[in-house]
Amino acid sequence: MIQNWRIALREAANLSGCHVNDQYETEVVKEIVNTIIRRLNRQPLSVGKNIVGISAHLGKLKSLMNTELNKVRVIGICGTGGVGKTTIAEAIYNEISHQYDGSSFLRNIRERSKGDILQLQQELLHGILRGNFFKINNVDEGISMIKRCLRSNRVLIIFDDVDELKQLKCLAEDKDWFQAKSTIIITSRDKHVLARYGVDIPYAVSKLNKEEAIELFSLWAFKQNHPKEVYKNLSYNIIDYANGLPLALKVLGASLFGKKRSEWESALCKLKIIPHMEIHNVLRTSFDGLDDIDKGIFLDVACFFKGEDKEFVSRILGPHAKHAITTLVDRCLITVSKNMLDMHDLIQQMGWEIIRQECPKDPGRRSRLWDSNAYHVLIRNTGTRAIEGLFLDRCKFNPSQLTMESFKEMNKLRLLKIHDPHRKLFLGNHLPRDFEISSYELTYLHWDGYPLESLPMNFHAKNLVQLSLRDSNIKQVWRGSKDSQLTSFSDSSYHGKGTCIVLPGSDGIPEWIMNRTNRYFITTELPQNWHQNNEFLGFAISCVYVPLAYESEDIPEKESAHKSKNESDNKSEDESAHTWENETDDKSVAESFRKNEHKHTHSCRLQCTVSMIGDGVEVVLPSFFQSNCFCYKEDKDEDNESVSGQTWVICYPKAAIPQRFCSDQWTLIDLSFYDFYINSEKALKVKKCGVRLIYSQDLQQSHEDADVRMCRECRRDGTLRRKCCFEGSDMNEVPIIENPLELDSLCLRDCKNLTSLPSSIFGFKSLATLSCSGCSQLESFPEIPQDIESLRNLYLDGTAIKEIPSSIQRLRGLQYLLLRKCKNLVNLPESFCNLTSFKILIVKRCPNFKKLPDNLGRLQSLRYLIVGHLDSMNFPLPSLSGLCSLRTLKLEGCNLREFPSEICYLSSLVTLSLGGNHFSRIPDGISQLYNLKHLGLSHCKMLQHIPELPSGLMCLDVHHCTSLENLSSQSNLLWSSFFKCFRSKIQGRESDEHFTTFVAGSNGIPEWICHQKSGFKITLKLPWSWYENDDFLGFVLCSLYVPLEIELTTHRVFNCKLNFDDDSAYFSYSKLHQFCECCYDEDASSQGCLIYYPKSRIPKRYHSNEWRTLNASFYVDFGVKPVKVARTISQLYNVEVSCDTSSAVEDTTADVERSCDGTTLNIDGNDGWSFFANLFIGYAVQDTNFKLNILLEKLVHIKL
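From a predicted model like this one, the values you see are computed outputs, not experimental measurements.

> Describe the overall build of the chain, with residues and values.
Regarding its fold elements, the chain presents 25 helices and 49 strands. Among the 1200 residues that make up the chain, the fraction classed as buried is 56%. Residue pairs in contact within the chain that sit at least 24 positions apart in sequence constitute 68% of those at least 6 positions apart. Accessible surface computed for the chain: about 51400 Å², of which carbon and sulfur atoms make up 47%.

In structure tokens:
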């Protein structure tokens, strides 16, 4: 005892005292006593009984709170209603409130702020100043008093259930009111409110895991921490139904306490129809706070679109849907995981109950119907104008017959889906031909097995966004002429974001889409002044696709076709399916709530990207279209296992093109189709695709009488409407043409016997395009008798013309002249430079061509100058001074001995290509070309040095520069210049750009790439908190291509796709085009492709430590057909590691774990591996046509 006293006295003696100074000691003593009383009188809050899992929350919160920092801490606890936010706040208050001078817990701010604000203010002051009471007379006086008290005391304040900032205006409007080291805790269902207040520690409350849910329910239902044996299966069904929501577990457990088993079973049956009202009312509070638009989107998602892709749903539900979805996420009503919409099962049931309450006795008067209710309404013809959406799963409810009255009264129907996920059942011809869908509001129509050959005559498609008619009998979309599809869906969608149509069969692209190709991408030219042309409405694009697994021809192995992971592997322990002891085979109520009954898991999806191209720059538009692939049978026991392809048609309105692209700079559109879900055994192959520009006059004319004799080029050119095509004719002279004054295109391609052109052609007042391509006997071009304004495009490639007449200056409107393979052409007349509107000149492979006009600089409108592959040993280049509009300059294979210094003053240049010339150095002034994006120097075999590059450069091509200084050296100045370009884009926040370079093979691979691995895929681990680490800029992707045969095309496409390990969708798809005629003319050499990829290009939805394992897939296309890669993936993942980066990569059969710097490289049995910063890995893919070594990937850590 004495020893304890000694210890206590020693501790008391060591306590610091209070300085009295000039104060009276009685006042100081009184202050000390009051402080002690406040601390001793602090009463803990009643948290309640049967609290489960609270210690884990407290541990996480305390680890996030650093009370030692000299700043005000604001913690936001958010989550859906009933998840336990208030309970957690009460518990943390009891745990830490003693550490503060004062504390206050204000409950239920949302409701109480509607009443007496003075009462809340006095309660706050009383909590801060325990032992003292201050009476305040009005709100303004209360605000002043609160400010003074908060600034003079270190306090803990908890505001419970805040859903608007104005509720805190009179209590603690700003955290600047508080003294340093104070703590504010706010609980809310609205994340946005917390963010606006300035929360610096957000804490999202998750649902209980399996063990916690069992314990909590059992404590309320049985007064013990586990279920009674006889109630075990029923308990587990109810626990599954509650899905980890503490409120539901507590309420349901308490309501079933002491009840008989039969009463439990009856309660479960009732829950299938109507939720427990206490739970429903708590959850509905968040819904009631929404505006009408957000309420509608929430109900659409709850009833129809849970589990669907966010972008897909946004397109279907309209332009306001994206903002509404963000609001619903902020309000904790829905979640977005891997771009898929999801919500808690009980919140979904709350939405269903809201719909049921619209008219409990008559489903036909509700706004949204699905499954059984939809079935009964359809077959009984009880639908009304109240119905906005109707989804029906035909596998569960297959109406034997629909009548013409089934949809007649539903004139506000927006969403209609009659689907067959397993493709088993068909309606047959049960619809009458005069069947009607009377709604003008329809935006989404999906009908599997639609039995008629066309849609109803009265079908209103003005607002249609998505039309899917899989496995249907459709022959034409609308009744009328055979190709009236064009008229109908053009009418329907040229004011919104486009219409997507999925049709059965893979016979081909619709006939009216004339520009087509047997590739997965297609490019077409936009009409002149397309953005101001009111007749131009947009374009229709189409593709035919089939499952890759069923193709017999040789095709490249799809990087997206690796096996799906077991579903449980992708779930957390909380989300894994339960396995209970002695569980019966009866279907639990949880299953019906866990899965939206009309949903189906899609095996693969097709996506279309639309890109704008101009001045050598390609930018992907934000609009994406996608379609689910069901072109194969999933059930092997079906009698009909035939595989059918699908035709996909998309109508893209001009109005959907963003305003920033509405200029003459953007002249081309590029369309690409690819599968973007990779966790699937089945991938897609696009067999063909096509595009057609749509004009207003297309909406009136029939296309049955279209001239099928048109050549492919005429079909492709959608910019001209009145065409006359004689392609391949054996005529000696141009025949008489009917209505020549209306003609805007005359095609004489490949008329091999044509020797001359009549001067009368220039009397065609509307003629805009004249093509004489391939007229190999055409030796002269006629004199032009008068000024012509209409002719813009003149194609003379492949002719025998010896000279261009000086009267060409009379073609006042000429903008484009193509002179390729003109074997007799010597030069261009000086008068050519009088064409003030001229924009594009191409002179290539003309063996006798000697010189360009001396006064070329007078062409101030010239934007593209392409001259190349001439036989002249010393081609004289005229002065380029004055070409102030020049954006693309290509002088390839012109035997230039010196780099033209005038180029460094062409400040408008975007693309510069000087490949195949003989200069040895590039002047330093090239760095002044601040607009330059693409620099091509390939096959400059004398080139020895490259100076500092322009900071805005995006692509450099130096492959086959055999004399270039050793690029593999890390000290090479070129790599330093690359990093500057890369860094400038990050500093300039150009998040949509990356930097690419094509380098020579072994000489071009940097020496810091010392690890190599065969294969076409690679996986890397991003550093912890990569998204907020300022030192981490991005990463480098590098591939090495080694051709094994002579190339058959000048066009290569390097493709790179990126996705995160736990996400099935690619977030980046880079398509890098390379055109190299030198590789076509001579033996191609190996080359590497390096992509500097900034982290800012990774979408913000991945900015968390959940997304760190990144996958990259590579392949190369040559012209039309993709290169085949080996199919046995396991044989391709071999590692060759060597510090000698110039050594050849050989295929082996065993995985190797080695490193030049001693770092261990971990490789699993498949394709997964991880590595650390500053480590490069190499890959190789080998085939009879080529070898692709992917030398990849380095995390770039640079201090800016």
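Next comes the rest of the account.
> Give a description of the pairing of strand 27 (residues 840–844) that names residues and reports values.
As a general feature of sheets, a regular strand has side chains that alternate between the two faces. Among the 5 residues of strand 27, 4 are classified as buried, and the element is accordingly described as predominantly covered. Two elements, strand 26 (residues 816–820) and strand 27, share 5 bridges in a ladder whose sense is parallel. Among the inter-strand pairings, L818 is bridged to a residue of strand 27, identified as I842. Bridge count for strand 27 against strand 28 (residues 864–868) is 5 bridges, and the pairing is parallel. Bridging across to strand 28, K844 finds its partner in G868.

> How would you sum up helix 6 (residues 117–128)? Please name residues and give values.
With 12 residues, helix 6 should cover 16 Å at 1.5 Å per step; its first-to-last C-alpha distance of 17 Å lies within 8% of that length. Along helix 6, the positions that sit buried rather than exposed are L120, Q121, Q122, L124, L125, G127 and I128. If you follow the buried residues of helix 6, they end up packed against strand 2 (102–106), helix 5 (109–112), helix 7 (139–152), strand 3 (155–159) and helix 8 (169–172). Sitting at the amino-terminal end of helix 6 is D116, which places a side-chain oxygen 3.0 Å from the backbone nitrogen of L118.

> Would you mind going over the environment of C608 in detail, with residue names and values included?
Tracing the backbone shows C608 in strand 17 (residues 605–614). Spatially, the C-alpha atom of C608 lies 9.3 Å from that of F521, the residues being 87 residues apart in sequence.

> Residues and numbers for unusual backbone geometry, please.
For K223, which is not a glycine, the phi torsion comes out positive at approximately 60°. Note on placement: K223 falls in the loop between helix 10 (210–221) and helix 11 (232–242). Residues other than glycine seldom take positive phi values, yet N895 does so here, at roughly 60°. You can call N895 buried: its relative accessible area is 12%.

> Could you give me a rundown of the packing of helix 6 against helix 7, with the residues and numbers involved?
Axis separation between helix 6 and helix 7 bottoms out at 10 Å; the angle between their running directions is 20°. Here helix 6 lies roughly parallel to helix 7, going by the angle between them. Along this stretch, helix 6 crosses helix 7, giving a crossing that reads as left-handed. Side by side, helix 6 and helix 7 meet where I117, L118, Q121, L124, L125 and I128 of the first sit next to V139, G142, I143, M145, I146, C149 and L150 of the second.

> Please provide a residue-by-residue account of a nonpolar patch on the surface, values included.
Among the surface-exposed residues, M1, W5 and L9 lie close enough to one another that they form a single nonpolar patch of about 430 Å² accessible area. Note that W5 resides in helix 1 (residues 2–14).

> Talk me through the sheet that holds strand 5 (residues 201–204); I want residue IDs and the actual numbers.
In spatial order, the strands read 2-3-4-1-5; together these 5 strands make up an open sheet with parallel pairing. What marks the edges here is a single partner per strand, and that holds for strand 2 and strand 5. Ignoring strand direction, the axes of neighbouring strands in this sheet form an average angle of 10°. By the bridge criterion, 5 bridges tie strand 2 to strand 3 in an arrangement that is parallel. By the bridge assignment, F105 is partnered in strand 3 with I158. Against the sheet, helix 3 (residues 54–64) contacts strand 1 (73–78) and strand 5, and its axis sits at roughly 165° relative to strand 5.

> Provide a residue-level description of helix 4 (residues 85–96), including the pertinent values.
The terminal C-alpha atoms of helix 4 lie 17 Å apart, and with 12 residues this matches the ideal 16 Å at 1.5 Å per residue to within 8%. For helix 4, the set of buried residues is K85, I88, A89, E90, A91, I92, Y93 and I96. Buried residues in helix 4 make contact with helix 3, strand 1, strand 2, strand 3 and strand 4 (183–188).

> Account for the pattern of salt bridges, with residues named and values stated.
A complete count under the given rule lists 24 salt bridges for this structure. A salt bridge links K306 to D345; its shortest N-O distance comes to 2.8 Å. A residue pair is termed long-range when its members are at least 10 positions apart, and K306 in the loop between helix 15 (292–305) and helix 16 (310–317) and D345 in helix 18 (residues 345–358) qualify at 39 residues. Grouping residues by exposure puts K306 and D345 together as buried. Where K752 meets D750, a salt bridge forms, and the shortest distance between an N and an O atom there is 3.7 Å.

> Before we move on, can you summarise the nonpolar core with the specific residues and values?
Within soluble globular proteins, side chains that are nonpolar tend to cluster in buried spots. Grouped together as the largest cluster of nonpolar side chains are 84 residues, with contacts concentrated most on I77, F217, W264, F298 and F305. For this core, the element with the highest residue contribution is helix 15, accounting for 8 residues. Listed in part, the 81 residues of the second largest apolar core include L757, I801, C822 and C940.

> Describe the side chain of K654, and please don't skip the residues or the numbers.
Within the element layout of this structure, K654 appears in the loop between strand 19 (646–653) and strand 20 (668–675). Polar contacts involving the side chain of K654 include one to the main-chain carbonyl oxygen of N533, which spans 2.8 Å.

> Please set out the packing of helix 14 (residues 277–288) against helix 18 residue by residue, giving values where relevant.
Contact pair helix 14 / helix 18: the axes reach a minimum separation of 10 Å and the direction vectors enclose 90°. The angle between the axes of helix 14 and helix 18 places the two elements in the roughly perpendicular class. Across the interface between the two elements, M277, I279, H280, L283, R284 and F287 from helix 14 touch L346, I347, M350, E353, I354 and Q357 from helix 18. Class assignment of the residues belonging to the contact of helix 14 with helix 18 gives a composition of 8 nonpolar, 2 polar and 2 charged.

> Let's hear about the packing of aromatic side chains: which residues, and what values?
Overall, the coordinates contain 30 aromatic pairs when judged by the stated rule. Considering the side-chain rings of F217 and F222, the 6.3 Å spacing of their centres and the 80° angle between planes classify their relative orientation as edge-to-face. With a relative accessible area of 0%, F217 lands in the buried category. Clustering of aromatic rings is evident, with ring pairs tying together F304, F305, F312, W352, W370, F391 and Y444. The ring of F257 has K223 lying over it, and the distance from NZ or CZ to the ring centre is 4.9 Å. The ring of Y795 is capped by R749, whose NZ or CZ atom sits 5.8 Å from the centre of that ring.

> Run through the pairing of strand 10 (residues 415–419), naming residues and quoting values.
Most of strand 10 is tucked away: 5 of the 5 residues are buried. By the alternation rule, side chains of strand 10 split into L415, K417 and H419 and L416 and I418, which are all buried. Taken together, the 5 bridges between strand 9 (residues 389–393) and strand 10 define a ladder with parallel strand orientation. Across the sheet, the residue bridging to D393 is H419, located in strand 10.

> Lay out the confidence of the model for the chain in plain terms, naming residues and giving numbers.
Residue-level pLDDT values for the chain average 75, and 72% of them are 70 or greater. pLDDT under 50 marks residues 631–643. Its contacts with residues more than four places away, or in other chains, come to 29 contacts. Scored below 50 in pLDDT, residues 1119–1200 shows 272 contacts in the model against residues more than four places distant or in partner chains.

> I'd like a description of the environment of G538, backed by residues and values.
Note on placement: G538 falls in strand 16 (residues 536–547). G538 sits in the buried class, given a relative accessible area of 0%. Note: C-alpha distance between G538 and L526 (12 residues apart in sequence) is 9.6 Å.

Cut-offs used in this document
- Residues numbered from 1 in each chain as written.
- Predicted model: local features only at pLDDT ≥ 70, side-chain atom pairs only at ≥ 80, totals over all residues.
- Heavy atoms only, no water.
- Helix = DSSP H or I, 4+ residues; strand = E, 2+ residues; numbered from the N terminus.
- Buried < 20%, exposed > 50% of the residue type's maximum accessible area, 1.4 Å probe, protein only.
- Contact = heavy atoms within 4.5 Å.
- Areas by Shrake-Rupley, 256 points an atom, 1.4 Å probe, with all protein chains shown as cover.
- Pairing = 2+ DSSP bridges.
- Expected span 1.5 Å × (residues − 1).
- Polar contact = N/O pair within 3.5 Å; in protein donor to acceptor, adjacent residues only side chain to side chain.
- Axes fitted to C-alpha atoms, helices over the stretch in contact; angles between N-to-C directions.
- Parallel < 35°, antiparallel > 145°, perpendicular 65-115°, else oblique.
- Left-handed = near helix turned anticlockwise from the far one by under 90°.
- Patch = residues over 30% accessible without salt bridge, like charges linked within 9 Å, V, L, I, M, F, W, Y side chains within 5 Å.
- Salt bridge = Lys/Arg side-chain N within 4 Å of Asp/Glu carboxyl O.
- Core = buried A, V, L, I, M, F, W, Y, C linked by side-chain atoms within 4.5 Å.
- Nonpolar A, V, L, I, M, F, W, Y, C, P; charged D, E, K, R; others polar.
- Phe/Tyr/Trp six-rings, centres within 6.5 Å; stacked < 30°, edge-to-face > 60°.
- Lys NZ or Arg CZ within 6 Å of the ring centre and 35° of its normal.
- pLDDT = per-residue confidence, 0-100.

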